[in-house]
Amino acid sequence: TQLLEQSPQFLSIQEGENLTVYCNSSSVFSSLQWYRQEPGEGPVLLVTVVTGGEVKKLKRLTFQFGDARKDSSLHITAAQPGDTGLYLCAGANRGAQKLVFGQGTRLTINP
Amino acid sequence: SAVISQKPSRDICQRGTSLTIQCQVDSQVTMMFWYRQQPGQSLTLIATANQGSEATYESGFVIDKFPISRPNLTFSTLTVSNMSPEDSSIYLCSVETGTGGSEQFFGPGTRLTVL
């Protein structure tokens, strides 16, 4: 059974600070996806990383896929209250439609 | 992108009753997924529903407890049967984005409370 471990599970910081969320596994994935979920809504896809070592940027968010495709990180620069939410990483394997979700990181940005 | 709606958005039910959750997509999709998200937790896949075939259930979930219908390519239902307080969760349906990867679009979820 493939597992994804996210850390930290909870993070509360002040507006303007930087943070990094980690998503680790002992298994190799063909791709890793990051979602953000706000209260009362379903998760929304932020990015997919496919190539080992790949880095993708989405405004103040930087996503990286590990060289061995077993881990990923999400770095937020100058966090804003609008970044508050549950961040989920999800691993995918080629040919399989199912996703393996991490436990999630609940992020709170205080004004 | 796909627009997904779910009904009801929330419900409070009595122990021992059943609730059917509807999921409607604005485009035809081959596969639909049903997830459970317990309070403060991540997503757990219940089953995968293909149109015209039996749903495929994950370990720990059975058809008698969570029967699924998939009558056409835009619609699916999940029934939570003989409910107990432990079934209190958010239930989400999702579909693949169709980009060739495994990315999914999610519905807004149905928040179920069982008393």
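Residues numbered from 1 in each chain as written. Chains lettered and ligands numbered in written order. Predicted model: local features only at pLDDT ≥ 70, side-chain atom pairs only at ≥ 80, totals over all residues. Heavy atoms only, no water.

1. Focus on the overall build of chain B
As a reminder of what qualifies: Strands here mean DSSP runs of E at least two residues long; helices mean DSSP runs of H or I at least four residues long; both are numbered from the N terminus. To get the radius of gyration, use the C-alpha atoms; to get the globule rule, take the number of residues to the power 0.38 and multiply by 2.2 Å. Using a 1.4 Å probe on the protein chains alone, a residue whose accessible area is under 20% of its type maximum counts as buried, one over 50% counts as exposed, and one in between counts as partly exposed.
When helices and strands are counted, chain B shows 0 helices and 11 strands. Order of helices (α) and strands (β) in chain B, N terminus to C terminus: β-β-β-β-β-β-β-β-β-β-β. Taking 115 residues into account, the globule formula puts the C-alpha radius of gyration at 13 Å, and chain B, at 13 Å, falls close to it. Here chain B holds 115 residues, and the buried ones make up 50% of them.

2. With respect to the interface of chain A and chain B
Selection rule: Contacts between residues were defined by any pair of non-hydrogen atoms, one from each residue, lying within 4.5 Å. Accessible area, probed at 1.4 Å, shrinks when two parts are joined; the buried area is that loss added up over both. Here a salt bridge means any side-chain nitrogen of Lys or Arg lying within 4 Å of a carboxyl oxygen belonging to Asp or Glu. Polar contact criterion, stated in full: a pair of N or O atoms within 3.5 Å, where within protein one must be able to donate a hydrogen and the other to accept it, and residues adjacent in sequence count only if both atoms are side-chain atoms. In this classification, the charged set is Asp, Glu, Lys and Arg, the nonpolar set is Ala, Val, Leu, Ile, Met, Phe, Trp, Tyr, Cys and Pro, and all remaining amino acids, among them Gly, are polar.
Between chain A and chain B, the residue contacts involve 21 residues of the former and 19 residues of the latter. Summed over both partners, the interface of chain A with chain B comes to about 1400 Å²; 54% of that surface belongs to carbon and sulfur atoms. Sorting the residues of chain A by area buried against chain B places Q97, K98 and F101 of chain A first, and these three jointly supply 34% of that buried surface. E58 of chain B serves as the salt-bridge partner of K98 of chain A, at 3.1 Å between the closest nitrogen and oxygen. Here chain A is connected to chain B by 5 residue pairs in polar contact (both at pLDDT 80 or more). Elements with a minimum of two residues in the side of chain A that touches chain B: β4 (31-37), β5 (44-49), β9 (85-92) and β10 (99-101) of chain A. Looking at the side of chain A that touches chain B, its residues break down into 9 nonpolar, 9 polar and 3 charged.

3. Quick notes on the packing of aromatic side chains
Residues and elements named next belong to chain B. To be explicit about the condition: Aromatic pairs are defined between Phe, Tyr and Trp rings, using the six-membered ring for Trp, whenever the two ring centres lie within 6.5 Å; interplanar angles under 30 degrees are classed as stacked, those over 60 as edge-to-face, and all others as tilted.
Scanning the entire structure with this criterion turns up 8 aromatic pairs over all chains. Seen in terms of ring centroids, Y35 and F106 are 5.5 Å apart; in terms of plane orientation they differ by 50 degrees. Their pairing is tilted. You can see Y35 sitting in strand β4 (residues 31-37) and its partner F106 sitting in strand β10 (residues 104-106), a full 71 residues away along the chain. The pair formed by Y35 and F106 is uniform in burial state, with each residue classed as buried. Centroid distance F66 to Y91: 6.5 Å. Interplanar angle 45 degrees. Geometry classified as tilted. One end of the pair, F66, is in the loop between β6 (56-57) and β7 (68-72); the other, Y91, is in strand β9 (residues 89-96), with 25 residues separating them in the sequence.

4. Quick notes on the state of the cysteines
Chemically, a disulfide is nothing more than a covalent bond linking the sulfur atoms of two cysteines. Test applied: For this text, the term disulfide refers to a pair of cysteine sulfurs within 2.5 Å.
A complete count under the given rule lists 2 disulfides over all chains for this structure. Across the disulfide, C23 of chain A is cross-linked to C89 of chain A (sulfur-sulfur distance 2.0 Å). Where C23 of chain A bonds to C89 of chain A through sulfur, the torsion about that S-S bond is close to 75 degrees, and the disulfide is right-handed. In this pair, C23 of chain A sits in strand β3 (residues 19-24) while C89 of chain A sits in strand β9, placing the two residues 66 residues apart along the sequence. The exposure classification of C23 of chain A matches that of C89 of chain A, with both residues buried. The disulfide partner of C23 of chain B is C93 of chain B, and the gap between their sulfur atoms is 2.0 Å. In this structure, the disulfide formed by C23 of chain B and C93 of chain B twists by about 75 degrees around the S-S bond and is classed as right-handed. Here the residue C23 of chain B occupies a position in strand β3 (residues 19-25), and C93 of chain B occupies one in strand β9, the gap between them amounting to 70 residues. In terms of burial, C23 of chain B and C93 of chain B fall into one category: buried.

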